[in-house]
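Residues per chain are reported as follows:
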Amino acid sequence: MNRLPIGVFDSGVGGLSVLREIRALVANEDLLYIADSAHVPYGEKPHAFVRSRAIALAQFLIDHGAKAIVVACNTATAIAIAALRERFAVPVIGMEPAVKPAALKTRARSIGVLATNSTLTSDRFAGLIARFAGDVAVHVRPCPALVEQVEQGDIASETTREVVRDYVVPLLDLGVDTIVLGCTHYPFVRTLIADVAGPRVDIVDPNSAVARELQRQLNRNHLGAPADHHGKEKFWTSAEPEDVQPVMIQLWGKEIIVLRLPKLSSVRADSRG
């Protein structure tokens, strides 16, 4: 048995959608979460910055005892997960757009993927399409404005609905019957996406699969906490806590305290110093 915590990070508050799936599956685990909101969105940042930042955040979590790391961000996974796995000995679990389940689900042989531009242009995403899409048409839509709406806690307004319409309707016009949520922010507006898309369009979200993979890794490596342990959470943000905390409380669904993340040194992806 291992009482050490699990570390989770994202470019902002979106990774809370992953954290809630983890909490639902492993109620006995302590969880550490970083919202790197001072640098959101990662999708518009240089790859070298995202790699360096991901390493620094993971190192902070490991310094705080993390026995496993979940990269609750598709962009950071696409850009940095190889560097993280090379550098750290703990299990590192990442995100990826759920192309495979969407390709199996679609009836029209046409799917849409909502994600950041960095995710959609990554070699990792191209590999997913090559391996799993087969004869399925994959239509992509970068959606930076949706990240901004979620970061503000604006997940149900008419303004956000219009943003969703701008991204989703062109996919519907292309005949997609399955939409992949390729960014961890997007599940917080899933209701709006489903409403705009209509009942005949399936929405695919990989978050629960990531939680299950984390559980498998914990079991495989004998890292699980005692079954009777009551898991707790601890939260940090790189932005102003007084600005981010109300949004995180809204999205997490209960009162929490969000701490200020200390300034972290930049780390080169090829450096182990």
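Since this is a predicted model, take the numbers as computed values, not measurements.

Here we come to the pattern of salt bridges. Under the definition given, this model contains 12 salt bridges. One salt bridge in this structure joins D177 and R107, with 3.7 Å as the shortest N-O distance. Of the two residues, D177 sits in the loop between α8 (158–173) and β7 (178–181) while R107 sits in the loop between α4 (99–105) and β5 (110–115), which places them 70 residues apart along the sequence. When the shortest N-O distance is used, the salt bridge between R216 and E213 registers 2.9 Å. Residue R216 and its partner E213 are both found in helix α10 (residues 207–220); the two are separated by three residues, about one turn of the helix.

Attention now moves to the sheet that holds strand β3 (residues 68–71). Strand order in the open sheet made by the six strands is β4-β3-β1-β2-β9-β10, with parallel pairing throughout. Strand pairing shows two members of the sheet lacking a second neighbour, β4 (92–93) and β10 (258–260), which therefore form its edges. In the sheet, β3 pairs with β4 via two bridges, with the strands oriented parallel. Counterpart to V70 in the pairing with β4 is I93. On the sheet, helix α1 (residues 16–25) packs against β1 (6–10), β2 (31–35), β3 and β9 (233–237) and is oriented at approximately 170 degrees with respect to β2. Across the sheet, helix α2 (residues 47–63) is in contact with β1, β2, β3 and β9; its angle to β1 comes to roughly 155 degrees.

Taken as a whole, this structure holds three aromatic pairs when the rule is applied. Ring centres 5.8 Å apart and planes at 65 degrees place the aromatic pair F235 and W252 in the edge-to-face group. Residue F235 is found in strand β9, and its partner W252 is found in helix α11 (residues 241–252); the two are separated by 17 residues along the sequence. Through a chain of ring-to-ring contacts, the aromatic side chains of Y33, F235 and W252 assemble into a single cluster.

What counts, and where the lines are drawn
Sequence order sets the numbering: in each chain, residues are counted from 1 along the sequence as written. It should be noted that, the model being predicted, local features are given only for residues of pLDDT at least 70 and side-chain atom pairs only at 80 or more, the latter also being counted only at that level, while totals for whole chains, interfaces and linings use all residues. Note: side-chain values were computed over all heavy atoms of the structure, leaving out hydrogens and water. The term salt bridge refers to a side-chain nitrogen of Lys or Arg lying within 4 Å of a carboxyl oxygen of Asp or Glu. For helices the rule is a DSSP run of H or I covering at least 4 residues; for strands it is a run of E covering at least 2, with both sets numbered from the N terminus onward. A pair of strands counts as paired when DSSP detects no fewer than two bridges linking them. Contacts are assigned to residue pairs with any non-hydrogen atoms lying within 4.5 Å of each other. In this analysis, axes come from line fits to C-alpha atoms, helices being fitted only over the stretch in contact, and the angle between any two N-to-C directions falls in the range 0 to 180 degrees. Centres within 6.5 Å are what make two rings of Phe, Tyr or Trp a pair, Trp counting through its six-membered ring; a difference in plane orientation under 30 degrees is then read as stacked, over 60 as edge-to-face, and the rest as tilted.

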